[in-house]
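Given next are the chains, with one letter for each unit.
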Amino acid sequence: MNHISTVRQHLLDQMAALRAASGVEAIKQELDKAKGISELAQVAVNTAKVEVDYLIATEQTSTPFLEVPPDEPYVRQDGLPNGISSITRHRLQG
């Protein structure tokens, strides 16, 4: 399903690929790809702005693009929920 979290994940994946690239040609390819993705992401942001303006104009309160789909809770690929970057467990000894 197309959702803002999908867009965000693609952007993060591209940043990781750009960071991992080595060699002049590989870096150039990743930069070109990142530029294209950046331009597409800007289009997605602009359409979201239009969607919010439409919600305001029609006095609606929700949009599927910005909400988590009910059957697909937003969980990152590493299994942690949105906003959680790590888990630390403290155990008492004795």
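Cut-offs applied
- Residues numbered from 1 in each chain as written.
- Predicted model: local features only at pLDDT ≥ 70, side-chain atom pairs only at ≥ 80, totals over all residues.
- Heavy atoms only, no water.
- Helix = DSSP H or I, 4+ residues; strand = E, 2+ residues; numbered from the N terminus.
- Buried < 20%, exposed > 50% of the residue type's maximum accessible area, 1.4 Å probe, protein only.
- Contact = heavy atoms within 4.5 Å.
- Areas by Shrake-Rupley, 256 points an atom, 1.4 Å probe, with all protein chains shown as cover.
- Salt bridge = Lys/Arg side-chain N within 4 Å of Asp/Glu carboxyl O.

A.B. asks: It is not clear to me how the overall build of the protein should be interpreted in this structure. Could you clarify?
C.D. replies: Along its length, the protein carries two helices and zero strands. When each of the 94 residues of the protein is scored for burial, the buried share is 17%. A separation of at least 24 residues holds for 36% of the contacts in the protein among residues at least 6 apart in sequence. For the protein, the computed accessible surface area is about 7,900 Å², with 56% contributed by carbon and sulfur atoms.

A.B. asks: Explanation requested: unusual backbone geometry in the structure shown.
C.D. replies: In this structure, E59 takes a positive phi of about 55 degrees despite not being glycine. Within the fold, E59 resides in the segment after α2 (24-58).

A.B. asks: Got a minute to help me understand the side chain of E30 in this structure?
C.D. replies: Mapped onto the secondary structure, E30 falls in helix α2. Given a relative accessible area of 14%, E30 falls into the buried group.

A.B. asks: Would you mind going over the pattern of salt bridges with me for this structure?
C.D. replies: According to the stated counting rule, one finds one salt bridge in the structure shown. The salt bridge involving E30 is made with K33; its shortest N-O contact spans 3.4 Å. With E30 and K33 both in helix α2 and three residues apart, the pair spans about one turn of that helix.

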